[in-house]
Amino acid sequence: MKKSDIIAKIYMLIIFIVIYLPTIFLVILSFNDSPKILFPIKQLSMRWYTGQRELWQMNPSYIPIIHDWQFWNAVTNSIRVSGITAVLTCIIVTVTALTMRYRLVGRDILFYLFLLGFITPGALVGLGTVLMFSMLGVSITEWNMIAINTVYASSFGFILMMARFDPELMLYEQTAAALRVDPLRVYLHITLPLIKWEVLSAGIMGFLLSWGELIRNLWVARGTGVVSTFIYTQLTVYPLTTKWFAAGTIMTVVSIVGLLIMAELLSRGAK
Amino acid sequence: MVRHMRYILILPGLITYIFFLIVPLGIMTVMSFFKPVWPGYKVEFTVSNYISYLTSPQFKTMLINTLYTSIGTAFICLVIGFPFAYCYTFKVKSQRAKNYITMFLLAPFLIDWTIRSVAWLSILGEGGVLNSLLLSSGLISKPLKILFTPAALFIIWVQTNLLFMIFPINLALGRLDPEMIDAARVLKAPPHRVIYDIIFKASLPGVICGFIFVFVNTISDYVTPALWAGGMQTLGLSVSTYASQFLWPQASAAGIILLVVCIIVLYILLKIVDIKKLVYE
């Protein structure tokens, strides 16, 4: 192996350690018996995961994560909101990106509109949506959260998808069209198989951005809300305890397993 | 027929963007010119919301705080992320390895934002790992104060936004033929010219795109500075503060000024390179 390759691998490893540093400590500290976030750990325990729920535990910060039904409600809401956002992002990004390859009237305006969706600060979109629905006299629902997350995720997904298109894709499509193949067949048998991984990537991006979004969601969240708004609200009212590190550890394990399965599927597909 | 079909296909995206982006922004723009009355507004044209906001003694501090932290974070992400994107593009040969690296980069983003932020408490806090190590090694005699300072803000933002810099640079570098780099080396081009004239210039649309992604993500995040930078005053925080007091016209004016700041920075960046080249040209 060349010296430059070794340096490259060491550098990438260091960056991974930096990215994962808080996660590593999150996992270790989640097994601390003490409610305080402190080193060194005096006693290891599973108390914050599966401990008994005592009747005196009125403060939600002290309820073991497995018994916190509000947290699991928020997780269910997050999965639903992020899942629908991912599907909508896939549809909007794929259809728009495929169309924008052609010289359409107003193509640049549409491009800047997509860029505006990304550059507009979350607080502005959230507040604007709240004002719009208050003026219309319509109550805010989960669908508003899905819509503003879709706008944000689509802008990001659109730029990434268009940049990844196979340069030869249009040539294949034009050849098929010259041979008088039905446009639907061209799409199903040429276009879609060639862009399926870009479509999947747009979906993953939509899911991730929606899952992690706090600023936009804070404005339109109602009730338990989603994971990001629920935990933020809990920590602004109640003290930080090891319980939330246990919640983070569960999310870490589930997300790593899920993404590793995704990586394997992508690798098999690439073959 | 096919041409008309193309216009129909852009409609779902267009309608979504008009209804959930343009209309809310339009309402905020109109609202920013209404007279403020507590709680709410009175339909009476005024520019006083803008004048009082722009001439307030805090505005200059908020603008400087907002710009230097957001641009600073984007710049640090570029310095750290560019070599990573280069190694990822040219030094990792197997597609399977690339897929796994991508997924490992994405995994921390599925952990909740608030939990990810508070996890830094265990590292940077006064009783955290960093201070414990430094104290036990005798390098310092009393704990360093990192949390609730701008340094903590930069550390947390760089960690959470690095991915947004790496991906676009990787996309831009992926379009560069590696044989061009080899050809330059064969022709005895000095290393700094290979890096600047070939690698960096080819990646410029991705660099600008990544810079915009990180800048916008950080400029709109008012929670992290408020929590981890000792309650640092930023433009985003002022929007939230006004809104929490139901001062809609002032919140709208502050929000529109924040958007204008974003657009000015974006305009300057797009003058350097047109990111449309990365997308469809």
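Residues numbered from 1 in each chain as written. Chains lettered and ligands numbered in written order. Predicted model: local features only at pLDDT ≥ 70, side-chain atom pairs only at ≥ 80, totals over all residues. Heavy atoms only, no water.

(A) Fine view of the interface of chain A and chain B. With 101 residues of chain A in contact, the opposing surface of chain B contributes 91 residues. Here chain A meets chain B over a buried area of about 9,000 Å², counting both sides, of which 80% is carbon and sulfur. Our count for the chain A to chain B interface comes out at two salt bridges. In this structure, the salt-bridge partner of B:Arg96 is A:Glu264, at a minimum N-O distance of 2.8 Å. Taken together, the links from chain A to chain B amount to twelve residue pairs in polar contact (both at pLDDT 80 or more). Here the residues of the side of chain A that touches chain B sort into 76 nonpolar, 18 polar and seven charged. (Contact = heavy atoms within 4.5 Å. Buried area = accessible area lost by both parts, 1.4 Å probe. Salt bridge = Lys/Arg side-chain N within 4 Å of Asp/Glu carboxyl O. Polar contact = N/O pair within 3.5 Å; in protein donor to acceptor, adjacent residues only side chain to side chain. Nonpolar A, V, L, I, M, F, W, Y, C, P; charged D, E, K, R; others polar.)

(B) Empty space enclosed by the protein, seen in detail. Overall, the coordinates contain one cavity of 30 Å³ or more when judged by the stated rule. Contributing to the lining of the largest cavity are 23 residues, with A:Tyr152, A:Gly212, A:Glu213, B:Trp113 and B:Asn217 lying nearest its centre. Of all elements in the fold, only helix H8 (183–212) and helix H9 (215–220) of chain A together with helix H6 (113–119), helix H9 (150–174) and helix H11 (191–219) of chain B reach the threshold of two or more residues within the lining of the largest cavity. Top contributing element to the lining of the largest cavity by residue count: H9(B), with five residues. Of the residues contributing to the lining of the largest cavity, the split by class is 14 nonpolar, five polar and four charged. (1 Å grid on protein atoms, 1.4 Å probe; cavity = no way out; pocket = protein on both sides within 12 Å on 5 of 7 lines; lining within 4 Å. Points joined across faces, edges and corners; volume = space filled by probe spheres on them. Helix = DSSP H or I, 4+ residues; strand = E, 2+ residues; numbered from the N terminus.)

(C) Spotlight on a nonpolar patch on the surface. A grouping of A:Leu136, A:Val138, B:Ile18, B:Phe19, B:Ile22 and B:Val23 is seen on the molecular surface, where their side chains present a nonpolar patch of about 470 Å² in accessible area. With four residues, the single largest contributor to the nonpolar patch is helix H2 (residues 11–31) of chain B. Relative to the assigned elements, B:Ile18 resides in helix H2. (Patch = residues over 30% accessible without salt bridge, like charges linked within 9 Å, V, L, I, M, F, W, Y side chains within 5 Å. Areas by Shrake-Rupley, 256 points an atom, 1.4 Å probe, with all protein chains shown as cover.)

(D) Focus on the pairing of strand E2 (residues 41–45) of chain B. Residue and element names in this part refer to chain B. Relative to E2, strand E1 (residues 34–36) runs antiparallel, the two sharing three bridges. When the sheet's bridge partners are listed, Phe-34 is paired in E2 with Phe-45. Connecting the antiparallel pair E1 and E2 is a turn made up of four residues, with Gly-40 showing a positive phi of about 125 degrees. (Pairing = 2+ DSSP bridges.)

(E) Seen up close, the pattern of salt bridges. This model, assessed by the stated rule, comprises ten salt bridges over all chains. In this structure, A:Lys243 and A:Asp68 form a salt bridge, with 2.5 Å as the shortest nitrogen-oxygen distance. A residue pair is termed long-range when its members are at least 10 positions apart, and A:Lys243 in helix H11 (residues 243–270) and A:Asp68 in the loop between helix H2 (47–50) and helix H3 (69–99) qualify at 175 residues. This pair shows no difference in class: A:Lys243 is buried, exactly as A:Asp68 is. For the salt bridge of B:Asp197 with B:Lys201, the shortest nitrogen-to-oxygen distance reads 3.6 Å. (Buried < 20%, exposed > 50% of the residue type's maximum accessible area, 1.4 Å probe, protein only.)

(F) Geometry of the confidence of the model for chain B. Confidence along chain B averages 88 in pLDDT terms, with 97% of residues attaining 70 or more. Element-level mean pLDDT values for chain B span from 68 in helix H15 (residues 276–279) of chain B up to 95 in helix H3 (residues 48–54) of chain B. (pLDDT = per-residue confidence, 0-100.)

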